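# Examining the three-dimensional arrangement
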Amino acid sequence: MSNPLLVASDLPSFSQIKPEHIKPAVEHAITACKKAIATVLKEKTFTWDNLVLPIDEVDDSLSKLWSPVSHMNSVINSDELRDAYESCLPLLSEYGTFVGQHQGLFEAYQQLADSDEYQQLDIAQKKVIDNALRDFKLSGIALNDDDKKRYGEVVTRLSELSSTFGNNLLDATHAYSVNITDKSELAGLPDSAIEAAAELAKEQEKQGWLFTLDIPSYLPVMMYCSNPKLREQLYRGFVTRASDQGPNAGEFDNSDIMNELLKLRHELAQLLGFNNFAEKSIATKMASSTDEVLGFLENLAVKSKAQGQQDLNEVKAFAKTEFSQTDLQAWDLPYYSEKLKQSRYAISDEECRPYFPENKVVSGLFEVVNRLFGLQINEISNIDTWHKDVKFFEVFDRDNNLRGRFYLDLYARAHKRGGAWMDDCKSRRELANGDIQYPVAYLTCNFNKPIGDKPALFTHDEVVTLFHEFGHGIHHMLTQINASGVSGIDGVPWDAVELPSQFLENWCWEPEALAFISEHFETGEPLPQEMLDKMLAAKNYQSAMQMLRQLEFSIFDFKMHKDYQPEPKNPVYIQEVLNQVRSEYAVVKAADFNRFQHGFGHIFGGGYSAGYYSYKWAEVLSADAFSRFEEEGIFNEKVGNDFLTNILEKGGSQEPSVLFKAFRGREPEIDALLRHCGIKG
Ligand SMILES: [Zn+2]
């Protein structure tokens, strides 16, 4: 067969995959999956080997085929690819519903769960079966035929809506730019941002400098450009993306999509017997009730409020005395905040940039995980990828055994979704012949690419982002669980999945680690002690204000889903919830035209709906886990090994609370997080 998606191969042949291959391959794979289910169900007595393994085998083929397609849709988007991708979404959600509501399959899993064999299975295998039974219930196995049908329709529509939300946001982000031809309008901007803007203009055959709504282009303007007009222009463009406001008002408007998403999520939750979608969300999470989640968030907000207000008052006072600015607008705040930070700590993100060249940062990251977990990481060249800038690596453990491999795609470019993330290309599992399939990960960032003959230079924030994503990467790659569905990040509750990622960030702040993560790209000297002292002093600058911002997003997301009422119809419900949450918790007043929610891809376009709180929830775990390293040594081999064997290797095979306790020796406590953030509470 000439379809590269249907050729069994070790790694996807990205350069061979064309949009026209996608739908036929997905149809072919789904047919194979359904056939395998029918064959399996001819058995009378169900066992791990005759039920779970064969279904796993075909499901794995489908996910390995879909993974590169979905990844390419995110990182080299085109109209043709997008159409092909979207044409498969209904097929995939129909298949998901077919499996989730398959009575025969459900009874087979139930029979296995009730059997003597179940008692003999290991913890991970039992978890696979328990999760399967839970997921049947969450897919409406208990519903009558009409409700099952409705469930399927709703799920399919939800997946379309999320995809459209993301498309609108991507298109809106790229539809707006500001072209500057008079250099005096760029006063205050660092050279790196000016050079990048000149490069962007050149790429689009424009004069002067071009600024876009991609973060590496947008953020330096907000922080450094002393021209308020440019800041305002870009700010308006950014916070009104895909909405009814701003320069492209109405053109990519997500308003109706968001309302329909909420309505259908609520309907889905009620179909399944939950009161609201927030309840459904936590059915698969570590948190045990919606009250527990809101109580947790509100407690943090209360502890941060006074200090957050003080953070804001200080910027206002500073702008007034130093710059005679009395009425700070939303687009002024990051600028004066940065100015205050510089005056107080005499340091800016840009000054650190020359000390973080790509090669040093990446090799320093590898050194950190070598010291912590004994990993050896080697680059492999001549691998078929989706773009020439992408690199590929192999990960070996202390005993020189292969653990996993990953793609590293660091730079921002057109047609690539913004932000940073880790995704799985393949998961660890044991094959029918006893061999192990090793995990493969995608690590994606959006940093500035090298300009001229200079290496790519990162800000410290970007270094932290890279460590974060790599933390997800090692969670996925180091797993020793062979039962698919609970190996690596698979099956880890979402409110615990950020534990390893936020955990690894901590080493970006440790002098002992920074000594080998940093090196001036011209002089070769490591980050000077004096600069490091300033960075550490500045670390918790405005931390309470930032904490409140994250809590505002989390509470908004959770309340909006929890309190939704379908009747009476209220087209401005989302805005009302957001306004109410802001009035209660935010210290910074949002501009009237601000439509932040229309670009909140995590909850409308991705899987974090009624789950954005997960970041803060997991941060408690990661801060508390790191505090054991603070107590016993940040490169303590025994503690590193305990984290490896109790958390990273276990994947989703056990409840996170159990794994955490095994590592820490007690339940998680909130104190370490507050202490790390410098919040006195
Ligand atoms: Zn993350």
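In this convention, every chain numbers its residues from 1, walking through the sequence in written order. The model is predicted, so local features are restricted to residues of pLDDT at least 70 and side-chain atom pairs to those at 80 or more, both for listing and for counting; the totals for chains, interfaces and linings are taken over all residues. Processing note: side-chain calculations cover all non-hydrogen atoms of the structure and skip hydrogens and water entirely.

On to the overall build of the protein chain, then. Working definition: helices are DSSP H or I runs of at least four residues, strands are E runs of at least two. Numbering for both runs from the N terminus. Each helix and strand in the protein chain was counted, giving 27 helices and nine strands. Using C-alpha atoms as the atom set, the radius of gyration is obtained and then compared with a globule rule of 2.2 Å times the number of residues to the power 0.38. Computed over its C-alpha atoms, the radius of gyration of the protein chain comes to 25 Å, within 12% of the 26 Å expected for a compact globule of 681 residues. Its C-alpha atoms give the protein chain principal-axis dimensions of about 80 × 60 × 55 Å. Residue burial in the protein chain is summarised as follows: out of 681 residues, 56% are buried. Partly exposed residues are those whose accessible area sits between 20% and 50% of the maximum for their type, while under 20% is buried and over 50% is exposed, using a 1.4 Å probe and protein chains only.

Bringing the side chain of R628 into the picture now. Tracing the sequence through the fold places R628 in helix 24 (residues 614–632). A contact between two residues is defined here by any heavy atoms of the two lying within 4.5 Å. When neighbours within four sequence positions are excluded, R628 is seen to be in contact with K638, V639, D642, F663 and R664.

Attention shifts here to the layout of surface pockets. Empty space among the atoms becomes visible once a probe the size of a water molecule is rolled across them. In this model, the second largest pocket occupies a volume close to 780 Å³. Two kinds of site are reported from a 1 Å grid over the protein atoms alone, namely cavities, where a 1.4 Å probe fits but cannot get out, and pockets, open sets with protein on both sides within 12 Å along at least five of seven lines, and residues are called lining when an atom falls within 4 Å of a point. Lining the second largest pocket are 37 residues, and of these L200, E203, D214, R413 and A414 lie nearest its centre. Looking at the lining of the second largest pocket, the elements with two or more residues in it are helix 3 (79–100), helix 7 (145–175), helix 8 (191–203), strand 2 (209–212) and helix 9 (215–224). Top contributing element to the lining of the second largest pocket by residue count: helix 8, with six residues. For this scheme, ten residues count as nonpolar: Ala, Val, Leu, Ile, Met, Phe, Trp, Tyr, Cys and Pro. Four count as charged, namely Asp, Glu, Lys and Arg, and the remainder, Gly too, count as polar. Counted by class, the lining of the second largest pocket contains 16 nonpolar, eleven polar and ten charged residues. Grid points are joined across faces, edges and corners, and a volume is the space filled by probe spheres set on the points.

Moving on, we come to the packing of helix 24 against helix 26 (residues 656–664). As a rule, the C-alpha atoms of each element are fitted with a line to give its axis, helices using only the stretch in contact, and angles between N-to-C directions run from 0 to 180 degrees. Between helix 24 and helix 26, whose axes approach to 10 Å, the crossing angle comes to 15°. Considering the angle they form, helix 24 stands roughly parallel to helix 26. In terms of crossing hand, the pair formed by helix 24 and helix 26 is left-handed. Of the residues in helix 26, those in contact with L621, D624, A625, S627, R628, F629 and E631 of helix 24 are F660, F663 and R664. Classifying every residue of the contact of helix 24 with helix 26 by side-chain character gives five nonpolar, one polar and four charged. An angle counts as roughly parallel when it lies under 35 degrees, as roughly antiparallel when it exceeds 145, as roughly perpendicular when it falls between 65 and 115, and as oblique in every other case. Whether a crossing is left-handed or right-handed is set by the direction in which the near helix is turned from the far one by less than a right angle, anticlockwise for left-handed and clockwise for right-handed.

What follows is about the coordination of the zinc ion. Coordinating donors are taken to be N, O and S atoms lying within 2.8 Å of the metal, or within 3.2 Å when the metal is Na, K or Ca; because water is excluded from the atom set, some sites may appear incomplete. Summarising the metal site, the zinc ion is bound by the protein donors H468 (NE2), H472 (NE2), E498 (OE) and E498 (OE), whose distances to it range over 2.1 to 2.7 Å. Angle rules define the geometry names used: all angles between 85 and 135 degrees makes four donors tetrahedral, while opposite donors over 155 degrees apart and all other angles between 65 and 115 make four donors square planar and six octahedral, leaving every other case irregular. Coordination geometry of the zinc ion: the four donor atoms subtend angles of 51 to 139° at the metal centre, consistent with an arrangement described as irregular. Between the donor residues of the zinc ion, the gaps in sequence give the motif H-x3-H-x25-E. Here the residue H472 occupies a position in helix 17 (residues 460–477), and E498 occupies one in the loop between helix 17 and helix 18 (499–505), the gap between them amounting to 26 residues. Of the two residues, H472 and E498, neither departs from the other in class, the shared state being buried.

What follows is about empty space enclosed by the protein. Tallied over the full model, the rule gives three cavities of 30 Å³ or more. Lining of the largest cavity is provided by H475, V492, P493, A496, L499, I647, G651, G652, Q654, P656, L659 and F660. The dominant element in the lining of the largest cavity, judged by the number of residues it contributes, is helix 26, at three residues. Here the residues of the lining of the largest cavity sort into eight nonpolar, four polar and no charged.

So, on to the packing of aromatic side chains. The geometry of an aromatic ring pair is captured by the separation of the ring centres together with the interplanar angle, meaning the angle of the planes. Two aromatic rings, drawn from Phe, Tyr or Trp (for Trp, its six-membered ring), form a pair once their centres lie within 6.5 Å of each other, and the interplanar angle then sorts them: stacked below 30 degrees, edge-to-face above 60, tilted otherwise. All chains considered together, the criterion is met by 49 aromatic pairs. Joined through ring pairs, the aromatic side chains of W494, F553, F556, F596, F600, Y608, Y612 and Y615 make up one cluster. The ring of F277 carries R265 above its face, with NZ or CZ at 5.6 Å from the centroid. Criterion for a charge above a ring: Lys NZ or Arg CZ within 6 Å of the ring centre, and within 35 degrees of the ring normal.

Next up on the list: the pairing of strand 2. Each regular strand carries side chains that alternate between the two faces of the sheet. What you see with strand 2 is no split at all: W209 and F211 on one side and L210 and T212 on the other are buried throughout. The pairing criterion is simple: DSSP has to find at least two bridges between the two strands. Two elements, strand 1 (residues 177–180) and strand 2, share four bridges in a ladder whose sense is antiparallel. Its bridge partner lying in strand 2, I180 is registered against W209.

Further remarks concern the environment of I257. When you line up the elements, I257 lands in helix 11 (residues 255–271). Under the relative-accessibility criterion, I257 is labelled buried at 12%. In the structure, I257 is positioned 96 residues away from L161 in sequence and 6.2 Å away in space, judged by C-alpha atoms. Those residues within four positions of I257 in sequence are excluded, and the remaining contacts are L161, T164, F165 and N168.

A few words now on the nonpolar core. Judged by nonpolar contacts, the single largest core of 143 residues is most densely connected at F373, F406, F470, W507 and F556. Contacts of F406, omitting those with residues within four sequence positions, involve F366, I377, K391, F392, F393, V395, A441, L443, F470 and M477. I22, W66, L89 and Y118 belong to the second largest nonpolar core, which has 58 residues in total. What we call a nonpolar core is a set of buried Ala, Val, Leu, Ile, Met, Phe, Trp, Tyr and Cys residues that are connected through their side-chain atoms within 4.5 Å.

What follows covers the state of the cysteines. Working definition: a disulfide is two cysteine sulfur atoms within 2.5 Å of each other. Scanning all chains against the criterion turns up zero disulfides. The thiol of C33 is not disulfide-bonded; the next cysteine sulfur, from C88, is found 13 Å away.

Inspection of the secondary structure assignment puts K127 in helix 6 (residues 123–138). You can call K127 buried: its relative accessible area is 13%. Those residues in contact with K127 that sit more than four places away from it in its chain are V486, G652, S653, Q654 and E655.

As a further point, take the sheet that holds strand 4 (residues 391–396). One open sheet holds the five strands; their spatial order is 3-4-5-9-6, and the pairing between them is mixed. The open sheet has two free edges, formed respectively by strand 3 (376–379) and strand 6 (421–426), since each of these has just one partner strand. Within the sheet, the average angular offset between the axes of one strand and its neighbour, ignoring direction, is 25°. As paired elements, strand 4 and strand 5 (residues 402–411) share six bridges and run antiparallel to each other. Bridging across to strand 5, V395 finds its partner in G404. Along the sheet face, helix 2 (residues 48–75) touches strand 5, strand 6 and strand 9 (440–447) and points at about 150° away from the line of strand 6.

To continue, consider the packing of helix 13 (residues 290–323) against helix 14 (residues 333–345). Relative orientation of the contacting elements helix 13 and helix 14 amounts to 80°, with a least axis distance of 9 Å. For the element pair helix 13 / helix 14, the angle class is roughly perpendicular. Within the contact between the two elements, helix 13 uses L312, E314, V315, F318, A319 and F323 and helix 14 uses L333, Y336, S337, K339, L340, S343 and R344. When the residues that make up the contact of helix 13 with helix 14 are grouped by side-chain class, the tally is eight nonpolar, two polar and three charged.

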